[in-house]
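Here is how the chains run, residue by residue.
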Amino acid sequence: MAEIVKKPVKITETVLRDAHQSLIATRMTTEQMLPIVDKMDKVGYHAVECWGGATFDASLRFLHEDPWDRLRKFRDGFKNTKLQMLFRGQNILGYRPYADDVVEYFVQKSAANGIDIIRIFDCMNDIRNLQTAVTAANKEKAHAQVAMSYTLGDAYTRDYWMDLAKRIEDMGANSICVKDMAGLLVPYEATELVTALKEAVSIPIEMHTHYTSGVGGMTYLKSVEAGADIIDTAMSPFAMGTSQPATEVMVETFKGTPYDTGLDQNLLAEIADYFRPIRDEALESGLLNPKNMGVNIKTLLYQVPGGMLSNLTNQLKEQGAEDKFYEVLEEVPRVRKDLGECPLVTPSSQIVGTQAVFNVLMGERYKMATKETKDVLSGKYGATAKPFNPEVQKKVIGDAEVITCRPADLIPNELDTLRKECEQWIQQDEDVLTYALFPQVAVDYFKYRQAQQTKVDAKVADTEDGAYPV
Ligand code: CO
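Residues numbered from 1 in each chain as written. Predicted model: local features only at pLDDT ≥ 70, side-chain atom pairs only at ≥ 80, totals over all residues. Heavy atoms only, no water.

S.K.: Explain the coordination of the cobalt ion to me, please; I cannot follow it from the model alone.
M.R.: When a metal carries six donors in an octahedron, the ideal angles between them are 90 or 180 degrees, while four donors in a tetrahedron ideally lie at 109.5 degrees. With distances of 2.0 to 2.1 Å, the protein atoms coordinating the cobalt ion are Asp-18 (OD), His-208 (NE2) and His-210 (NE2). Here the donor residues of the cobalt ion are spaced in sequence according to D-x189-H-x1-H. Separated by 192 residues along the polypeptide, Asp-18 in helix 1 (residues 18-23) and His-210 in the loop between strand 7 (205-209) and helix 9 (216-225) bring together distant segments of the chain. Summarising the burial analysis for this pair, Asp-18 and His-210 share the class buried. (Donors = N, O, S within 2.8 Å, 3.2 Å for Na, K, Ca; no water. Helix = DSSP H or I, 4+ residues; strand = E, 2+ residues; numbered from the N terminus. Buried < 20%, exposed > 50% of the residue type's maximum accessible area, 1.4 Å probe, protein only.)

Quick look at the structure:
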């Protein structure tokens, strides 16, 4: 009998980042996460994704927390598990391209504070926007993973993905992720795609999907059978719907097969027990909308990621134009096509979505264009897989110059200027990076931090007085 070759699939746990970003608007607090870190550290995950993406913005803006402090606490707690973050290429964790010196410094500080694996993607799949971050990660001895933003369209043939994967391997990435933010990758297509990627490159392939369209678990099954090395899953209380397939379900699926993860279901059950009340509380408060937990097949029809759907609903609500929802949904793919058929992922998803809303509400397409739409059509976000619609480009930017170089080549170093701007608030090296990403939100947070410290100082003074009765 031929010996069965074991090829255990590795698991990246997303409950501390993508799962709560996708289901409860990134509102899980550090305090809610820390008590379970010790147990999670014993599981034997390939990695725990716990930082980056929207967590940075949301910590500061809504939770009044220092994201760097959260990272250091994770590092203290996770003694045996690799920590992973999501990084938006030249846009770092923000919404615009930054100068190279900011990107490099951010990577350096992320690694220094405890990140092991940096997952880097670009919303246009323009690899020139990834190079600075990848090189910086290599220099810091962090694992540089490049994510291809998965999308559908004429340009996105199997050859396109194979060619992109080869170039990613050549640029110095340590692994590749297929980042399917809208759940568009269907199971049998996953077989074809992963087989092609395994043929094209020799670095590991990780699969990242969302359960939005209901096919995620099957897509993972077919991907693993085709040779995918790692899958991203979320603990069941924060799984499925707009989040990832459930960790326990995938572990059980592969049990007793050559792909057996070897993870302990009893331990996973204890971790799930911890997260369940947090989920229930979010349901009760309305933070978790039951709508996000089901299957939304429209995502396959309109190819719109789950988070973008809820953003569009909110934008239209604010304008009192909820009745225009389907008109806007149909406008999204048209705008996307005008803008070079780019993937829909932060920040391009917001840019395309907002422009689609304008086009419908103004009653004339591109009567008004946002600054970001203009920037995309001027080449400032990079090259797209397809050319821009020339008529739309002419209408929106007129005869303005269109750049074809790597956009960041035109952005002068900005770290020194930023440092001067926020000088009065700086308490740690990382503060300038916080300020660089979200200047207004950062200053609000710095003020809050100072007020808290003054309060604590006052308390200490009170106690000292009390020690010497008069
Ligand atoms: Co995701």
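S.K.: Looking at this structure, how should I read the pattern of salt bridges?
M.R.: Side chains bearing opposite charge may pair, as long as their charged atoms lie close to each other. One pass over the full model with this rule turns up 37 salt bridges. Across the pair Asp-229 and Lys-198 runs a salt bridge whose closest N-O atoms are separated by 2.8 Å. Taken together, the positions of Asp-229 in the loop between helix 9 and strand 8 (230-233) and Lys-198 in helix 8 (residues 187-200) put the pair 31 residues apart, joining distant regions of the chain. Residue Asp-229 is classed as buried on the basis of its relative accessible area of 18%. Across the pair Glu-364 and Lys-395 runs a salt bridge, and its minimum N-O distance is 2.7 Å. Residue Glu-364 is located in the loop between helix 15 (348-361) and helix 16 (371-377), and its partner Lys-395 is located in helix 17 (residues 390-397); the two are separated by 31 residues in the primary sequence. A relative accessible area of 45% means that Lys-395 is categorised as partly exposed. A single salt-bridge network, built from bridges that share partners, covers Arg-72, Lys-109, Asp-429 and Glu-430. (Salt bridge = Lys/Arg side-chain N within 4 Å of Asp/Glu carboxyl O.)

S.K.: Is there a simple way to explain the packing of aromatic side chains in this structure?
M.R.: Each pair of aromatic rings is reported with the distance of its centres and the angle of its planes. This model, assessed by the stated rule, comprises 20 aromatic pairs. When the centroid spacing of 5.9 Å and the interplanar angle of 70° are considered together, the rings of Phe-87 and Phe-106 count as edge-to-face. Of the two residues, Phe-87 is situated in strand 3 (residues 83-87) and Phe-106 in helix 5 (residues 100-112); the sequence distance between them amounts to 19 residues. A single burial state applies to Phe-87 and to Phe-106, both of which are buried. Aromatic pair Tyr-274 and Phe-275: ring centres 5.4 Å apart, planes at 85°, arrangement edge-to-face. The class of Tyr-274 is partly exposed, set by a relative accessible area of 24%. Under the relative-accessibility criterion, Phe-275 is labelled buried at 0%. Among the aromatic residues, those joined into a ring-pair cluster are Trp-51, Phe-56, Trp-68, Phe-87, Tyr-95, Phe-106 and Phe-438. Residue placement shows Arg-27 over the ring face of Phe-62; its charged tip is 3.7 Å from the ring centre. (Phe/Tyr/Trp six-rings, centres within 6.5 Å; stacked < 30°, edge-to-face > 60°. Lys NZ or Arg CZ within 6 Å of the ring centre and 35° of its normal.)

S.K.: Looking at this model, I keep getting lost on helix 3 (residues 55-63). Mind explaining?
M.R.: An α-helical turn contains 3.6 residues, so any two residues separated by three or four positions project in the same direction. Of all the nine residues making up helix 3, seven are buried; the element is thus mostly covered by neighbouring parts of the structure. The complete set of buried residues in helix 3 reads Thr-55, Phe-56, Asp-57, Ala-58, Ser-59, Leu-60 and Leu-63. Following helix 3 by one or two positions, His-64 has its phi on the positive side, about 50°.

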